[in-house]
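# Analysis of the macromolecular model
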Amino acid sequence: MTTSRDTVYPLAFPKGVKYLCELCQKPATKICERCRVTYYCDNEHQHTDWYGIHEKICQSLIPLRIPLPFLPSEEERKKRDDDLRIKKLQLIEYTRSISQRYLFEGDYQRAIPGAMTSLKFVIELFGIKSVDLVPSYLILGEASQGLGNLSQAQEYLSQAEWTVIKSSDCPLPILSKLYRNIAMLQIAKGDFDQALRNLANDIYYASEEFGTENFQVSGGYFLIANIFFRQGKMDIADSLYRQVVNMWHSHLTQVVEKKTEISELDTILGKKDDDDRDSESLGNYLLISQKF
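Summary of the structure given here.

## A look at unusual backbone geometry
Backbone geometry at Q25 places phi at a positive 65°, although glycine is not the residue there. By relative accessible area, Q25 is classed as partly exposed at 39%. For R36, which is not a glycine, the phi torsion comes out positive at approximately 60°. Looking at the element boundaries, R36 is found in the loop between β1 (30–31) and β2 (39–40). For R36, a relative accessible area of 35% translates into the label partly exposed.

Next up, the structure:
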């Protein structure tokens, strides 16, 4: 329901000021009643953003988006700028983690708003050419592909690839993920030969970073196995599937053993296990394993 408090009128904006939709960058006609620093073009985009990320960060956006008062002291201004930078970095990490969780759950529509928010703050902090943009582009590309919008996915991945090409210091895990996502899109289009080439790059960079037997490498092998399975090359596919299973079995065994050791140590020391991060980590690994 539209109310007078959540409706904005472009003609009433100060001269030269334009408020744009949080999701699509079209001229805004609505404002969030709670924070009053976030704008939308219609009810649908406001609803999508709210349930995707905004309800979790609504109040946190206020100090990052309101006009800043003038401070006469350079020291005060520097402290304020440093504090704002830290808050923005924390928000980037948080919004990406929420979007990534939605991707793992297959909730592609809800993954988009958090990735869009992270993208905006990365641009504010590092500029439009920074390699720090790539993780957000990859989330957006994967979410778009999950929604069946292959052309939009291609656009996001092209932006990510262009950013990487222009960078001289792209981290290996990002390179691995980029080539994997490009391959996933090519698989969706039926271009298996090119997908295999990109998956080879994915495995190479992941192996360089994590080691050849690390579970982080398994995603590339799994996708290659899927290609050979679809081509009817069952012996090759079965071999690769077994390799993926062995990687995850080794990794999860280590996680369980570590958890057991911690529990036994807590019992000896008489501590209560009030920190379930290891259990949560195991649950997340199992969730990821379903994806790969």
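Back to the write-up after that little detour.
## Side note on the packing of aromatic side chains
In the structure shown here, the tally under the stated rule is 5 aromatic pairs. Ring plane angle 70° and centroid distance 5.1 Å describe the contact between Y204 and Y205, whose orientation is recorded as edge-to-face. Among the aromatic residues, ring-to-ring pairing joins Y179, Y204 and Y205 into one connected group. Geometry around Y102 places R101 over its ring, the cationic atom sitting 5.1 Å from the centre.

## Considerations on the state of the cysteines
A complete count under the given rule lists 0 disulfides for this structure. This cysteine, C21, is not joined by any disulfide, and C24 carries the nearest cysteine sulfur, 3.7 Å off. Residue class for C21 comes out buried when judged on its relative accessible area of 0%. The structure places no disulfide on C35, whose sulfur is separated from the nearest cysteine sulfur, that of C32, by 3.7 Å.

## Let's talk about the environment of I98
Along the chain, I98 falls in helix α3 (residues 74–105). Each C-alpha atom of the pair I98 and P113 lies 9.7 Å from the other, and the pair is 15 residues apart in sequence. Sequence-distant contacts of I98, defined by excluding residues within four places in its chain, comprise G52, I53 and K56.

## Let's talk about the pattern of salt bridges
Should the charged atoms of two oppositely charged side chains come close, the side chains can pair. The full count for this structure, using the stated rule, is 10 salt bridges. As a salt-bridge pair, E124 and K88 come within 2.9 Å of each other at their nearest N and O atoms. Linking E124 in helix α4 (residues 108–126) with K88 in helix α3, this pair joins segments that are 36 residues apart in sequence. The residue D202 makes a salt bridge to R180 at a minimum N-O spacing of 2.8 Å. Taken together, the residues span a long stretch of sequence, with D202 in helix α8 (residues 192–210) and R180 in helix α7 (residues 172–189) at a distance of 22 residues. A residue is classified by how much of its surface remains accessible, and D202, at 0% relative accessible area, is buried. Linked through salt bridges whose partners overlap, the residues forming this network are E22, R65 and K120.

## Observations regarding α8
With 19 residues, α8 extends 26 Å from end C-alpha to end C-alpha; this agrees with the ideal 27 Å at 1.5 Å per step. Among the residues making up α8, those that are buried are F192, A195, N198, L199, D202, I203, Y205, A206 and S207. Its buried side turned inward, α8 meets α7 and α9 (218–230). Where α8 ends, the next residue or the one after it, G211, has phi of about 105°, a positive value.

## Re helix α10 (residues 234–269)
Relative to the 52 Å expected for 36 residues at 1.5 Å per residue, α10 spans 52 Å between its end C-alpha atoms, a close match to the ideal helical length. Burial in α10 covers these residues: A237, L240, V244, M247, W248, H251, L252, V255, K259 and D266. Positive phi shows up at G270, right after α10, with a value of about 75°.

## Here we look at the packing of α9 against α10
Helix packing geometry: the angle between the two helix axes and the distance between the axes. For the pair α9 and α10, the least separation of the axes is 8 Å and the interaxial angle reads 160°. Classified by the angle between their axes, α9 and α10 sit roughly antiparallel to one another. In this structure, α9 crosses over α10, and the sense of that crossing is left-handed. On α10, the residues that touch S218, Y221, F222, I224, A225, N226, F228 and F229 of α9 are M234, I236, A237, L240, Y241, Q243, V244, M247 and W248. A per-class count over the contact of α9 with α10 returns 14 nonpolar, 3 polar and no charged.

## A closer look at the nonpolar core
Residues V134 and L140 are the most contacted members of the largest nonpolar core, which totals 47 residues. For this core, the secondary structure elements donating two or more residues are α1 (43–57), α3, α4, α5 (134–146), α6 (150–166) and α7. Looking at this core element by element, the count peaks at 8 residues for α4. Setting aside chain neighbours within four positions, we find L140 in contact with I112, A115, M116, L119 and Y156. Membership of the second largest hydrophobic core comes to 22 residues, among which are A183, I187, F215 and A225.

The rules behind the values
Residues numbered from 1 in each chain as written. Predicted model: local features only at pLDDT ≥ 70, side-chain atom pairs only at ≥ 80, totals over all residues. Heavy atoms only, no water. Buried < 20%, exposed > 50% of the residue type's maximum accessible area, 1.4 Å probe, protein only. Helix = DSSP H or I, 4+ residues; strand = E, 2+ residues; numbered from the N terminus. Phe/Tyr/Trp six-rings, centres within 6.5 Å; stacked < 30°, edge-to-face > 60°. Lys NZ or Arg CZ within 6 Å of the ring centre and 35° of its normal. Disulfide = S-S within 2.5 Å. Contact = heavy atoms within 4.5 Å. Salt bridge = Lys/Arg side-chain N within 4 Å of Asp/Glu carboxyl O. Expected span 1.5 Å × (residues − 1). Axes fitted to C-alpha atoms, helices over the stretch in contact; angles between N-to-C directions. Parallel < 35°, antiparallel > 145°, perpendicular 65-115°, else oblique. Left-handed = near helix turned anticlockwise from the far one by under 90°. Nonpolar A, V, L, I, M, F, W, Y, C, P; charged D, E, K, R; others polar. Core = buried A, V, L, I, M, F, W, Y, C linked by side-chain atoms within 4.5 Å.

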